[in-house]
Amino acid sequence: MAHIPLGIRAATGESSLAIATSDWKKRGRIDKIILYGSYARGGWVDEPHTAKGFQSDFDLLIIVSDKRLTDRAAYWSKLDERLIREFAITKTIHVPVNYILHTLQEVNDGLAHGRYFFMDVKRDGVVVYQADQTELHEPKPKTPKQALGMAKGYFDEWYPAAMRKHKLARDAVAQEFNKEAAFLLHQTTETLYHCVLLVCTFYTPHVHNLAFLRSQAELIDRRLIDIWPRDNRRERAMFDKLKEAYVKARYSAHYKISAEELAWLGERVDELGQVVMTICNERIAELEKAAEAA
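The rules we used
Residues numbered from 1 in each chain as written. Predicted model: local features only at pLDDT ≥ 70, side-chain atom pairs only at ≥ 80, totals over all residues. Heavy atoms only, no water. Core = buried A, V, L, I, M, F, W, Y, C linked by side-chain atoms within 4.5 Å. Buried < 20%, exposed > 50% of the residue type's maximum accessible area, 1.4 Å probe, protein only. Helix = DSSP H or I, 4+ residues; strand = E, 2+ residues; numbered from the N terminus. Contact = heavy atoms within 4.5 Å. Pairing = 2+ DSSP bridges. Axes fitted to C-alpha atoms, helices over the stretch in contact; angles between N-to-C directions. Polar contact = N/O pair within 3.5 Å; in protein donor to acceptor, adjacent residues only side chain to side chain. Salt bridge = Lys/Arg side-chain N within 4 Å of Asp/Glu carboxyl O.

1. Description of the nonpolar core
Next, step 1: Membership of the largest hydrophobic core comes to 64 residues, with the highest contact counts inside it found for Leu-61, Val-196, Val-199, Leu-224, Trp-228, Leu-265 and Val-276.
Next, step 2: In terms of residue count, helix H9 (residues 178-201) provides more of this core than any other element does, 13 residues in total.
Next, step 3: Discounting residues that sit within four places of it in the chain, Val-196 has contacts with Ala-217, Ile-220, Leu-224, Val-276, Ile-279 and Cys-280.
Next, step 4: Counting 21 residues, the second largest nonpolar core, distinct from the first, contains Phe-58, Tyr-75, Ile-93 and Tyr-99.

Written as C-alpha cells, this is what we have:
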C-alpha cells in the first residue's frame, strides 16, 4: 500500500467544498478518495535531481455525492491553491498532486462501459478515505472488436483535429502572430494528449491544464516523458509559458513570447505529435491482433 503524506491527507481532507447556502450543498460531501496511477501500483519515479528531473505525481480520484460538486472552478479553487502552496512554498508536500472529480455513478458508468482508465482504478486503486462504504461496480470489459472500434474512432477524430490546429499554429508563426501561435500550440498539445489518453484508456479528464494532461499521459508510456526536458529552469519555464497560453495569450496584454521561444515549443510539439502517433498506432495494432484472435 502506498504511503500517503500527511500534507496530502490534510489538504484534501480539510478542503471546503462551498458555503452551504442550499440543501444540496449542505448534503454535499466527499464520498471517497482513491489513489491511482504509479503510486498506487508501486512503480513511481522520484528523481527530481537527475538529468531528466522526472518525478511521478500523486494522482487522486475524488468521488463526490453530487454532480454539481465536480465543478472545479466553483468549489475546489481553495484546494488547488493549498496544494500549490504546500508543494511549491511550504514544502509540506514533496510531490505534485493531481486530482479528478467524479460522482460514484460516473465511475460506475465508466466501469460498465469497459473504459480502461476506470478498470485500472478499480484494480489498482488504493482507497485512502471513504465516507460511503459502497463498493465500485465490477467492470464489464468490451469485446476485442468493440475495443478496437472505439480506439480507432477516437484516433480518427482527435489526431486529425490536432494536426489541423498545428497547421494553424504554423501559419500564425509565419505571419508573426505570436500570441495566437502560442494559443494554437497549446490547443495542439492539449488535443494530442486527449487523443493518446482516449485511444489507450478510453477516458480523458475534461480539463485544459497541460501539466495535468501531461502527467496523465505520461502514466501510459515513458516515451512521453522525454518530450519536455526538465533538467533546467529555462526548459521548465518554457512549458509553463505554453501552459499559460490558454488564458494569457488571449486575454493578457502582458503575455509575451518570442519567435525563438515559439520555435523551441514548435519542435517539442512536433515531437509530441510523432510519439503520440506511434503510441496510438501500436495500441491499435495490439487491439487488432486481439480482435483477430477472438
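So that's the structure; there's more coming.
2. Examining the sheet that holds strand S2 (residues 58-64)
Sheet strands associate in pairs through backbone hydrogen bonding, adopting either a parallel or an antiparallel arrangement.
Next, step 1: Pairing in this open sheet of four strands is mixed, and the strands run S3-S2-S1-S4 from one edge to the other. With one partner strand each, in any of the chains shown, strand S3 (97-103) and strand S4 (126-130) form the two edges of the open sheet. Across the sheet, the axes of successive neighbouring strands diverge by a mean angle of 25°, strand direction being ignored.
Next, step 2: As judged from the four bridges shared by strand S1 (residues 30-36) and S4, these two strands associate in the antiparallel manner. Residue pairing across strands places Leu-35 opposite Val-126, the latter belonging to S4.
Next, step 3: Across the sheet, helix H10 (residues 210-218) lies against S1, S2 and S3, angled at about 90° from S3, the strand it touches most.

3. Some points on the environment of Thr-191
Next, step 1: With respect to the secondary-structure elements, Thr-191 resides in helix H9.
Next, step 2: Note on Thr-191: relative accessible area 3%, which makes it buried.
Next, step 3: Thr-191 sits 33 residues away from Trp-158 along the chain, and the two C-alpha atoms are 6.6 Å apart.
Next, step 4: Engagement of the side chain of Thr-191 in a polar contact is seen with the backbone oxygen of Gln-187, the distance being 2.7 Å.

4. Quick look at the pattern of salt bridges
Next, step 1: Counting across every chain of the model gives 16 salt bridges.
Next, step 2: When the shortest N-O distance is used, the salt bridge between Lys-67 and Glu-106 registers 2.5 Å. Here Lys-67, found in the loop between S2 and helix H4 (72-75), pairs with Glu-106, found in helix H6 (residues 104-112); they are 39 residues apart in sequence, far enough to count as distant.
Next, step 3: We classify Glu-106 as partly exposed; its relative accessible area is 21%.
Next, step 4: For the salt bridge of Arg-223 with Asp-221, the shortest nitrogen-to-oxygen distance reads 2.7 Å.
Next, step 5: Classification of Asp-221 by relative accessible area gives buried; the value is 16%.
Next, step 6: Among the charged side chains, a network of salt bridges with common partners joins Asp-120, Arg-123 and Asp-124.

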